[in-house]
Amino acid sequence: MSKVEKVETVVQDDEELLSEEELQDIEKEVNEPEPEVRKEGKKSIYVLLEEEIMGLDIPDGEKAKRLSRLIKVRNQKVNIMLAGSTGAGKSSTVNALFNMDVAKVGVGVDPETSIIEKFELDNLTIWDTPGLGDGVASDERISRSILEKLNELDEDGNPLIDLVVVILDSSSKDLGTSYDLINNILIPALGDDAKDRILLALNQADVAMKGTHWNEEENAPDEVLKEFLKKKADSVQNRVKEATGLSIRPIYYCAGYKEEGGDQRKPYNLTKLMYYIIKAVPKDKRLALADNINEEEDNWLHDDEEKDYKKSIKSSFGETVWDCITDGFDKGVEVGGDILGIPGKIVGAAVGAAVGAVKGVFVAIFD
Ligand SMILES: Nc1nc2c(ncn2[C@@H]2O[C@H](COP(=O)(O)OP(=O)(O)OP(=O)(O)O)[C@@H](O)[C@H]2O)c(=O)[nH]1
Ligand SMILES: [Mg+2]
């Protein structure tokens, strides 16, 4: 007996007959699971994609094929670890990049063994490690938990942590603690693919050189500071290369800050940092990032303009969306290369509409 039949029986017992329409409403409610809605009432990108696929005017078999592709993507988890010296800006960076108020769980579950803070944002998990440099004993303890985490495997037997973002303080003269972390812990632990799984990020660019060369109006470094930051990046790159043989180019940026009722500084080059994070995450996992991007438009306004990072971010996500909703050879009208930031793709009319809706989820903030 179906759930709907059950409802009808109850209704008849009460001798209060419902109209056909009301019955249909109940049937819908019983059979359809609650749509997955984010805390602020926004649907997740996966739900939107599913709705768009269901709404396409294509044979059922085709829909099933596309839905199963979506389910595969839906099950992909991304794990990012933040590491660095105390006060470098790990927490500030995570808060600037992602929508951190969606969900916070497992914070400091067991201080004895788990001193790493875990933030679960749906399919994206952030591991925020405590800062090194607060004493030898605590550094040893932290290093050990970082190593343990880096050696953890996921259910498929792959390394749990996809990417480690090391935050360095560009205003600090002494980066010794950070070099120890990168050269003696992270790179050896990550092994062969260390270069693809580690990002070096020089934060607090605004207060490097004592903050005297920050152009407040443009919220960007002036030429002198730019030169300084480039040299700092060179020197970090060289120190790591000398010790490990790996050549990793650090990104300089500013996570910004907001004091309650007081001063604030908007981020700089956060677009660049996000672009490199996305690039480091496999294509089929990227929607986990798209779904949790910080929607504060101010966070994405200022960067070095060496590249159109926003466009590149859009197309990195767009490729994954494209693979989900199309068969790769949909015929139709060309609606412009920029709809998902993917140049040269021909987007079918139905698919074009789908993409239009999906666009609203993460592209609006980058327009
Ligand atoms: N001026 C400036 N201040 C920053 C920036 N990023 C972080 N801060 C400030 O630096 C301080 C430390 O930042 P956190 O994000 O707490 O640093 P953390 O690395 O998480 O520190 P621990 O958790 O102690 O290891 C805070 O007062 C931040 O407001 C930045 O880009 N510019
Ligand atoms: Mg912190």
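The residue count restarts for each chain, going from 1 along the sequence in the order it is written. Whichever chain is written first is A, and whichever ligand is written first is 1; the rest continue in order. Reporting in this predicted model follows two pLDDT cut-offs: at least 70 for local features of residues, and 80 or more for side-chain atom pairs to be given and counted; totals over whole chains, interfaces and linings ignore these cut-offs and use all residues.

S.K.: Hey, could you go over the packing of helix α3 (residues 45–55) against helix α4 (residues 60–74) for me, with residue numbers and the actual values?
M.R.: The angle between two axes is taken between their N-to-C directions and runs from 0 to 180 degrees, where each axis is a line fitted to C-alpha atoms and a helix contributes only its stretch in contact. Under the scheme used here, helices are H or I runs from DSSP no shorter than 4 residues and strands are E runs no shorter than 2 residues, and both carry numbers assigned from the N terminus. For the pair α3 and α4, the least separation of the axes is 10 Å and the interaxial angle reads 175°. It follows that α3 is roughly antiparallel to α4 by the angle criterion. Here Tyr46, Leu49, Glu50, Ile53 and Met54 of α3 lie close against α4, whose contacting residues are Lys63, Arg66, Leu67, Leu70 and Arg74. In the contact of α3 with α4, the residues fall into six nonpolar, no polar and four charged. Any angle that is under 35 degrees is reported as roughly parallel, and any over 145 degrees as roughly antiparallel; angles of 65 to 115 degrees are reported as roughly perpendicular and all others as oblique. Contacts are defined on C-beta atoms placed from the backbone: any two residues whose C-beta positions lie within 7 Å are in contact. By the convention adopted, Pro, Cys, Tyr, Trp, Phe, Met, Ile, Leu, Val and Ala count as nonpolar, Lys, Arg, Asp and Glu as charged, and the other residues, Gly among them, as polar.

S.K.: Now, about the pairing of strand β5 (residues 198–203): what can you tell me, with residues and values included?
M.R.: Exposure classification rests on a simple neighbour count of other C-beta atoms within 10 Å of a residue's own: a residue reaching 20 or more is buried, one at 12 or fewer is exposed, and one in between is partly exposed. C-beta atoms are placed from the backbone. Burial analysis of β5 places six of its six residues in the buried class, which makes it a mostly covered element. Neither face of β5 is exposed, since Ile198, Leu200 and Leu202 on one face and Leu199, Ala201 and Asn203 on the opposite face are all buried. With six bridges joining them, strand β4 (residues 163–169) and β5 adopt parallel strand pairing. Within β5, the position partnered with Ile167 by the bridge is Ala201. The criterion for strand pairing is that DSSP finds at least two bridges linking the strands in question. Pairing analysis gives two bridges linking β5 to strand β8 (residues 251–252), with the strands arranged parallel. Bridged to Ala201 within β8 is Ile251.

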